[in-house]
Protein chains: 2
Amino acid sequence: MTYLQKLQSVVKKNNSNLVIGLDSDIKKIPKCFLKYSDPVYEFNHYIICATKDIVAGYKLNMAFYENAKGYKTVEKTLKYIPDNLIKICDAKRGDIENTDELYARNFFDELNFDAITFQPYMGSDSIKPFIERKDKLTYVLILTSNPGSGDFQKLKAGKKFLFEHIIDKCVEWNKNENIGFVFGSNHTKEIGKYSKELPDYPMLIPGVGSQHGEADGLFKNLHNKNFLINVSRSIIYSSPRDTERKDFEKIVRAKTTELNNSINQKS
Amino acid sequence: MTYLQKLQSVVKKNNSNLVIGLDSDIKKIPKCFLKYSDPVYEFNHYIICATKDIVAGYKLNMAFYENAKGYKTVEKTLKYIPDNLIKICDAKRGDIENTDELYARNFFDELNFDAITFQPYMGSDSIKPFIERKDKLTYVLILTSNPGSGDFQKLKAGKKFLFEHIIDKCVEWNKNENIGFVFGSNHTKEIGKYSKELPDYPMLIPGVGSQHGEADGLFKNLHNKNFLINVSRSIIYSSPRDTERKDFEKIVRAKTTELNNSINQKS
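Residues numbered from 1 in each chain as written. Chains lettered and ligands numbered in written order. Predicted model: local features only at pLDDT ≥ 70, side-chain atom pairs only at ≥ 80, totals over all residues.

1. A few points about the overall build of chain A
Then, in step 1: When helices and strands are counted, chain A shows 10 helices and 10 strands.
Then, in step 2: In terms of overall size, chain A behaves like a compact globule, its C-alpha atoms giving a radius of gyration of 18 Å where 267 residues would be expected to give roughly 18 Å.
Then, in step 3: For the C-alpha atoms alone, the extent of chain A along its principal axes is close to 55 × 40 × 35 Å.
Then, in step 4: Split into buried and exposed, the 267 residues of chain A put 55% on the buried side. (Helix = DSSP H or I, 4+ residues; strand = E, 2+ residues; numbered from the N terminus. Rg over C-alpha atoms; globule rule 2.2 N^0.38 Å. Buried ≥ 20, exposed ≤ 12 C-beta atoms within 10 Å, placed from the backbone.)

2. A look at the sheet that holds strand β3 (residues 86-93) of chain B
Then, in step 1: Spatially, the 8 strands close up into a barrel ordered β1-β2-β3-β4-β5-β8-β9-β10 (chain B), and their pairing is parallel. Taking each pair of neighbouring strands and ignoring which way they run, the sheet shows an average axis angle of 30 degrees. (Pairing = 2+ DSSP bridges. Axes fitted to C-alpha atoms, helices over the stretch in contact; angles between N-to-C directions.)

3. A word on the sheet that holds strand β9 (residues 203-205) of chain A
Then, in step 1: Judged by pairing direction, the barrel is parallel, and its 8 strands sit side by side in the order β1-β2-β3-β4-β5-β8-β9-β10 (chain A) before closing back on the first. On average, each strand axis in the sheet is inclined to that of its neighbour by 30 degrees, with strand direction left out of account.

4. Focus: the relation of the copies chain B and chain A
One copy of the chain maps onto the other through a rotation about an axis followed by a shift along the same axis.
Then, in step 1: Placing chain B over chain A gives an RMSD of 0.0 Å and needs a rotation angle of 180 degrees, together with 0.0 Å of translation along the axis. Viewed as a symmetry operation, the transformation between the two copies matches a two-fold axis.
Then, in step 2: Comparing interface residues between copies, 100% of those in chain B also lie at the interface in chain A; the contact surface is shared. (Least-squares fit on C-alpha atoms with pLDDT ≥ 70 in both. Contact = placed C-beta atoms within 7 Å.)

5. Regarding the interface of chain B and chain A
Then, in step 1: With 42 residues of chain B at the interface, the matching set in chain A holds 42 residues.
Then, in step 2: Secondary-structure elements contributing two or more residues to the side of chain B that touches chain A are α3 (68-80), α4 (97-110), α5 (124-131), β6 (156-157) and α6 (162-173) of chain B.
Then, in step 3: Looking at the side of chain B that touches chain A residue by residue, the classes come out as 17 nonpolar, 16 polar and 9 charged. (Nonpolar A, V, L, I, M, F, W, Y, C, P; charged D, E, K, R; others polar.)

6. Quick notes on the pairing of strand β5 (residues 137-143) of chain A
Residues and elements named next belong to chain A.
Then, in step 1: Burial analysis of β5 places 7 of its 7 residues in the buried class, the great majority of the element.
Then, in step 2: Alignment of strand β4 (residues 115-118) against β5, held across 4 bridges, turns out to be parallel. From the neighbouring strand, A115 faces β5, where its bridge partner is L137.
Then, in step 3: Looking at chain direction, β5 and strand β8 (residues 179-183) are connected through 5 bridges and run parallel. Across the sheet, L141 pairs through a bridge with V182, a residue of β8.

7. Considering the packing of helix α3 (residues 68-80) of chain A against α3(B)
Then, in step 1: The interhelical angle for the contact between α3(A) and α3(B), taken along N-to-C directions, is 175 degrees, at an axis separation of 7 Å. Comparing the axis directions of α3(A) and α3(B) gives the class roughly antiparallel. Here A:A68, A:Y71 and A:K72 of α3(A) lie close against α3(B), whose contacting residues are B:A68, B:Y71 and B:K72.
Then, in step 2: Considered class by class, the residues forming the contact of α3(A) with α3(B) number 4 nonpolar, no polar and 2 charged. (Parallel < 35°, antiparallel > 145°, perpendicular 65-115°, else oblique.)

8. Quick look at the environment of A:P120
Then, in step 1: Mapped onto the elements, A:P120 comes out in the loop between β4 and α5 (124-131).
Then, in step 2: Taking the C-alpha atoms as reference, A:P120 lies 9.4 Å from A:C170; in sequence the two are 50 residues apart.

9. Here's the deal with the nonpolar core
Then, in step 1: Residues A:I20, A:V140, A:I142, B:I20, B:V140 and B:I142 are the most contacted members of the largest nonpolar core, which totals 166 residues.
Then, in step 2: Excluding residues that lie within four positions of it along the chain, B:V140 makes contacts with B:F118, B:P120, B:I166, B:C170, B:I179, B:F181 and B:V182. (Core = buried A, V, L, I, M, F, W, Y, C linked by C-beta atoms within 7 Å.)

10. Some words on the environment of B:E132
Then, in step 1: In this fold, B:E132 is placed in the loop between α5 and β5 (137-143).
Then, in step 2: When the C-alpha atoms of B:E132 and B:A104 are compared, they prove to be 9.4 Å apart, with 28 residues separating the residues in sequence.

11. Notes on the packing of helix α2 (residues 39-51) of chain B against helix α10 (residues 245-266) of chain B
All names here are of chain B.
Then, in step 1: Two elements in contact, α2 and α10, have axes separated by 9 Å at closest approach and are oriented at 55 degrees. Viewed along their axes, α2 and α10 adopt a mutual orientation that is oblique. Crossing geometry of α2 relative to α10 is assigned as right-handed. Facing α2, whose interface residues are Y46, I47, C49, A50 and T51, α10 presents R245, F248, E249, V252, R253 and T256. (Left-handed = near helix turned anticlockwise from the far one by under 90°.)

12. Brief notes about α2(B)
Residue and element names in this part refer to chain B.
Then, in step 1: A rise of 1.5 Å per residue sets the reference length of α2, with its 13 residues, at 18 Å; its end C-alpha atoms lie 19 Å apart and thus fit the reference within 8%.
Then, in step 2: Taken together, the buried positions of α2 are occupied by V40, Y41, E42, F43, N44, I47, A50 and T51.
Then, in step 3: Contacts made by the buried residues of α2 are with β1 (18-21), α3, α9 (233-236) and α10. (Expected span 1.5 Å × (residues − 1).)

This is the structure in structure tokens:
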């Protein structure tokens, strides 16, 4: 099964284009989880438990797990996510081919993530180990949601912006039809344009919620049905730190349902 | 002590601008190490033991350690490197500020690396958590040594190439004088130009050795005395896989001495 088939199947089954970003920081999770030997895993576990039938999948930002304990938490968390859901490795890697082969082995072959986010600056040979895995998808950073995204991404080189040159290269690289794009939700105009021109490229759209993406303008312009909206902090930290576990599940599910309905109504 | 002071001090003491890249792959290390509980750590340990008085430091490419066991290997390896030597975290990270703060905490505050390599695509707020640590250095990817480096890095935007726009931003960001540049060793012309124009920016130069950088042209053009040449595979895999441990140390030291002498004669 290709990534796109898996995506379309779970989006239909769970009626959801939402992925929850498990940016799980031990300093921010409710205190009721701190008594466990792996508090972050317990926290992730209850979020998955509360939402697995109303989301398309989960995105793990690897920065939150970059230590010996964290990698065990990732392994356990991934095992707990049902097989039909999308598992995105938000690692933003990009190195020489020899090095990216190791990242691909670890994130795709060992941990069994379905997709990875990719830094395009190092070019063609750099993306090769990721796109050689035909059943996996590589989301290439195109326009990011942060303030600094304007520094280089929208530099004009010839008739096109840098991010458009990257899109052109993606089209050239996409022999296995397993490349997607990351567009920050605030770039509504460009999302509109490219979701129309290249509707077969899955889009991963972060920045709705804590990063205050322009949600209404976004959906009006979104012609790509294979999009995923990522929401992290405004779901996983939606309850106060002194919340009890059973209330935590209810609050997380309610917030997820609310966001999901909002996406479904608008898109 | 700033990074630059530390760099200059060890370069002088050990008469070396060489860093060894510990790209240590369990599938490639001599078989004599496989009997240990952590073969990669033992391998790193003996390399450090054999070379610590004739190099400026070590670079750990994090791709080789991205799993639960690997992070313990990194911790142990870093503890074994003497305090006066440079420890570079070759992670090529670059994300939104909130995320990079976590990478900075982990790599700088917890693991106590002296420097990190950085992906500039996401711009100003993305580099902030790294350069806020005043005693640490951030090596920004400028021109990389791989074939794909030409895809975007040398796109011309206005009168300058993309990599030159990145250099301009680095100069703007460098309030704490803790930014350096990564230049692949094959980009001799650009190394010449920028090592002359911006001699205070430490340069990290990979690609000599296995990646066949043009070493002679490189040194003729190198005006920056704060450079570090990284060599990985052609030192650490310089002995056959059936080498015994005591021969391994001798071969690694001999190869390091040879490269070090070659750099010192030419630069």
